[in-house]
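Next come the chains, spelled out residue by residue.
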Amino acid sequence: MFQSATAPWRISIAALAVGAVSLISRKARFSVIIFALLLGSTVMSIRQASLAHSQITRFFMQSATVTAEVVTDASKTSTGNYSFIARAILVNNSSIHYKLRVPIRVMTSNQDVTKLLPGQRFSAQGRIVASKEARVAALVVIKDGIEIQTKASHWASALGAIRLGLRSLSGDGNAGALIPGMVLGDTSKQSAEFKNSMKRSGLTHLVAVSGANFALVSAFVLWMMQFLFTRMKFRLTATAISLIAFIALVRPSPSVLRAAAMAAVLLIAQGTHRGRDSLPALGFAMAAVVIVDPWQARDAGFALSVLATGGLLLFAPVLVEKLSSHVPEKLAQALAPPIAAIVFCSPIIVALSGYLAPMSVIANLFAAPFVAPITIVGFIAALFSPFLPFISSVLIWFIRIPAGAIALIAHWASNFPVLTLRTGKIGFLIVATFTLLAWLFKKWFKYITIFTLIVLISITWLQRWPGGDWEIANCDIGQGDSMVINLGNHQGIVIDVGPDAVAEDRCLKALGIQQIPLLILSHFHADHVAGLPGAIENRVVGQVWVSVNSAPLVESAMAHSALEGVEIIKAVRGMSSRVGKLTIKVLWPTLSATSFEEMPGEGSQINNSSIATLITSDSLSIFAGGDLEPPVQQILIKDVAPVDIYKVCHHGSRYQDLAFMAALHPRISIISVGVGNTYGHPAVQTLDALARLGSEVLRTDIDGAIAVQVRNHQFTIRKAKGRFNLIRWG
């Protein structure tokens, strides 16, 4: 119990120490550090012990009726479910009945939970399991409906009406999705592609309500108060009350709490005429937030918020001074804040995402003029939306133009390469070390920067991908499949499009593919077809081959809708086609449905309906069979011969027919698989079998994207993750 709390202690202690030490005299600093040590560890230990020994643990792996109070708004997850935090009040089944008060994470596919507001009580039947999330006592999975027991309070309803009003009036498209995010931190309307563009362009912070929003809102409210009150303390009191309401409106996220604490210190300092110093205010904010909610010490968002603010306070003035000697002062003042924030936040950004986006500095510079108008006008529009929607609509019409400009900037900047590093501790240490050295040796900052750029450019040039001529490429699109065969003149045959539209589009751009004469969708599982919008974006598609099995229906309907106007053919055994210098033979499936015994765990009729193709030319031969499993592989043994390249079926799962692999006897085996996937792909048995055949095995989880060049029947392989796997450009 106490061992697991060690990491949060350290961060809590640091936050408390910085906060307290920055506000008191030197003589008392040692005592404050001891006090911070005791207070931080005690608070965290008590909270963690209470969760670990909660009575709800008695219900683990059981179904029970849970009565709970909503704490956060429900948000849609990547799996399509809805998730939110609630406070369990009553848990009971046929034999146990407990009253308690512990935080839980609720997961459900029921869309009705999006109507719940913080403070409302509900009850539902759900399965209770242990959660890996430290701040909750359990995960409750609800499959059936929920029973709402209490109405939302007038306060919660009013705030909910404001959020819903702005969300519904902001309109469609990325601009409409951006406005509620920038004003209230509501990102529910943003698509996965747009979120990724915001992330890669370094503009995600614009939709996370932070100190900038508080500064703009408090300045606006304080300006308004001069027309109501003559005395400053009344203006400050009214502003403080408004900020409390603003916290409730935008929901108390880590950055919001930190910014609110800082704003409180600054307002008090101004009201008492003691002057304002932002650095002690930041220290106090860190201490106050961690004491009130110790779990914030483990939250990456809180850490990023604090570091960004620290960068603006400590490093930005230094950068302005350095840059002013080389560029106009106005430009230096504009460039310094985003650079300072990125430098201070970079260790955690790399640890989480694995990359840094240099273009984010330019993107932030271009977006900066549009932030204040959207925030202020959007805030006014949100307040009017419940009772004067017409006024809100007019105001929103004006700010949709700057919102659209930011969306275009995000899309433009996201297309530039990023500096990719390893995630986790290694990436953190690399960037943290560089940041520390740059700070300690500020005098030689220019030379350190030049040397670093030379090293990075050299390494990334050596690892460029695909690196020139190529015949076969396999995209690195996570847990899914996508192979491309080069036809020349920016044309290529694409076999499957993976699960991620953004990753698929980026891979095809890197390969220079502008036309797809033939697109083969082996079957309709999402990891093979969900990336279709990215594959066909701004590209001409000639013909599409699909499986005779239309299941899953949701994915197949999506594919047919996206391919409207394109010739779609159901590929069946015996078909053949010639595309350029390539001959393509369809070996499977048959026109009539064939039933097979299900493989344990993951076999399915859908997998065994995959299109299997044998692709040959004068210089190479390829077999690609989607997710085919042993029942069909055994049938196809007599139809195959040794090939140069085998796109290993079903991501290298353990369901493989050894005789089939021996019949193919591939020189190169390509396994398209996601890093750290939960399926155990590729299986050790499959890797061993291919090794015994003497096949060179390439894996996208280890090697990244793969490109194969063929000259005089000799194969040259280029991997996106090359020798210097710590750092690469892409």
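Since this is a predicted model, take the numbers as computed values, not measurements.

Analysis parameters
Residues numbered from 1 in each chain as written. Predicted model: local features only at pLDDT ≥ 70, side-chain atom pairs only at ≥ 80, totals over all residues. Heavy atoms only, no water. Helix = DSSP H or I, 4+ residues; strand = E, 2+ residues; numbered from the N terminus. Contact = heavy atoms within 4.5 Å. Areas by Shrake-Rupley, 256 points an atom, 1.4 Å probe, with all protein chains shown as cover. Pairing = 2+ DSSP bridges. Axes fitted to C-alpha atoms, helices over the stretch in contact; angles between N-to-C directions. Disulfide = S-S within 2.5 Å. Buried < 20%, exposed > 50% of the residue type's maximum accessible area, 1.4 Å probe, protein only. Polar contact = N/O pair within 3.5 Å; in protein donor to acceptor, adjacent residues only side chain to side chain. Salt bridge = Lys/Arg side-chain N within 4 Å of Asp/Glu carboxyl O. pLDDT = per-residue confidence, 0-100. Core = buried A, V, L, I, M, F, W, Y, C linked by side-chain atoms within 4.5 Å.

## A look at the overall build of the protein
If you tally the helices and strands in the protein, you get 24 helices and 24 strands. Look at the contacts in the protein between residues 6 or more apart in sequence, and 67% of them connect residues 24 or more apart. Surface accessibility of the protein: about 34,600 Å² in total, with carbon and sulfur atoms responsible for 62%.

## Looking at the sheet that holds strand S10 (residues 483-488)
The mixed open sheet is built from eight strands, whose spatial order is S14-S13-S12-S11-S10-S9-S22-S23. Lying at the two open borders of the sheet, with one neighbouring strand each, are strand S14 (567-570) and strand S23 (714-719). Sheet twist, expressed as the average angle between the axes of neighbouring strands with direction ignored, equals 20°.

## Brief notes about the state of the cysteines
Enumeration over the complete set of coordinates arrives at one disulfide. Disulfide pairing is shown between Cys-475 and Cys-507; the S-S distance is 2.0 Å. Across the disulfide from Cys-475 to Cys-507, rotation about the S-S bond amounts to roughly -80°, and the bridge is consequently left-handed. Note that Cys-475 is positioned in the loop between strand S9 (472-474) and S10 and Cys-507 in helix H17 (residues 501-511), a separation of 32 residues in sequence.

## A look at helix H5 (residues 192-200)
Of all the positions in H5, only Phe-194, Ser-197, Met-198 and Arg-200 are classed as buried. Against the buried residues of H5 lie helix H4 (173-184), strand S7 (355-356), helix H14 (389-414) and H17. Its side-chain oxygen at 3.1 Å from the backbone nitrogen of Phe-194, Ser-191 defines the N-terminal cap of H5. Just beyond H5, the residue with positive phi is Gly-202, at close to 75°.

## Let's talk about the pattern of salt bridges
For the structure shown, the criterion picks out 11 salt bridges. Taking the shortest distance from any N to any O, the salt bridge between Asp-505 and Lys-509 comes out at 3.4 Å. You can see Asp-505 and its partner Lys-509 sitting in helix H17, four residues apart, about one turn around the helix. On the basis of relative accessibility, which here comes to 10%, the residue Asp-505 falls in the buried class. By relative accessible area, Lys-509 is classed as partly exposed at 43%. Asp-701 is paired through a salt bridge with Arg-699; the nearest N and O atoms lie 2.7 Å apart. We classify Arg-699 as buried; its relative accessible area is 19%.

## A word on the confidence of the model for the protein
Averaged over all residues, the pLDDT of the protein is 81; the fraction at 70 or higher stands at 84%. In this model residues 1-29 is a low-confidence stretch, pLDDT under 50, and it forms 48 contacts with partners more than four residues away in sequence or in other chains.

## Describing the sheet that holds strand S17 (residues 612-616)
One open sheet accounts for seven strands, arranged S15-S16-S17-S18-S19-S20-S21; its pairing is mixed. Pairing within the sheet leaves two strands with one partner each, and these edge strands are strand S15 (576-579) and strand S21 (696-699). This sheet shows a mean twist of 20° between the axes of neighbouring strands, independent of strand direction. Sheet topology places S15 next to strand S16 (residues 582-588); four bridges connect them, and they run antiparallel.

## Quick notes on the nonpolar core
Of all hydrophobic cores here, the largest spans 42 residues; its most connected members are Leu-178, Met-182, Leu-203, Phe-214 and Ile-406. Those elements that provide at least two residues to this core are helix H3 (154-169), H4, H5, helix H6 (211-225), helix H7 (232-250), helix H8 (254-271), helix H13 (359-384) and H14. Among the elements that make up this core, the one with the highest residue count is H14 (eight residues). Once you skip the residues sitting within four places of it in the chain, Ile-406 turns out to touch Leu-178, Met-182, Leu-203, Leu-206, Ala-367, Phe-370 and Ile-374. Val-484, Leu-532, Ala-559 and Leu-563 belong to the second-largest nonpolar core, a separate cluster that totals 29 residues.

## Remarks on unusual backbone geometry
At the junction of Ala-551 and Pro-552, the peptide bond is cis and its omega measures out at -10° in the coordinates. Backbone torsion omega between Trp-588 and Pro-589 reads 10°, so that peptide bond is classified as cis. Here Pro-589 lies in the loop between S16 and S17. Notably, Asp-496 is not glycine yet its phi reads approximately 70°, a positive angle. Assignment of secondary structure puts Asp-496 in the loop between strand S11 (491-495) and H17. Look at Asp-496 and you get buried, because its relative accessible area is 1%. Its identity is not glycine, yet Asn-538 carries a phi of approximately 60°, on the positive side.

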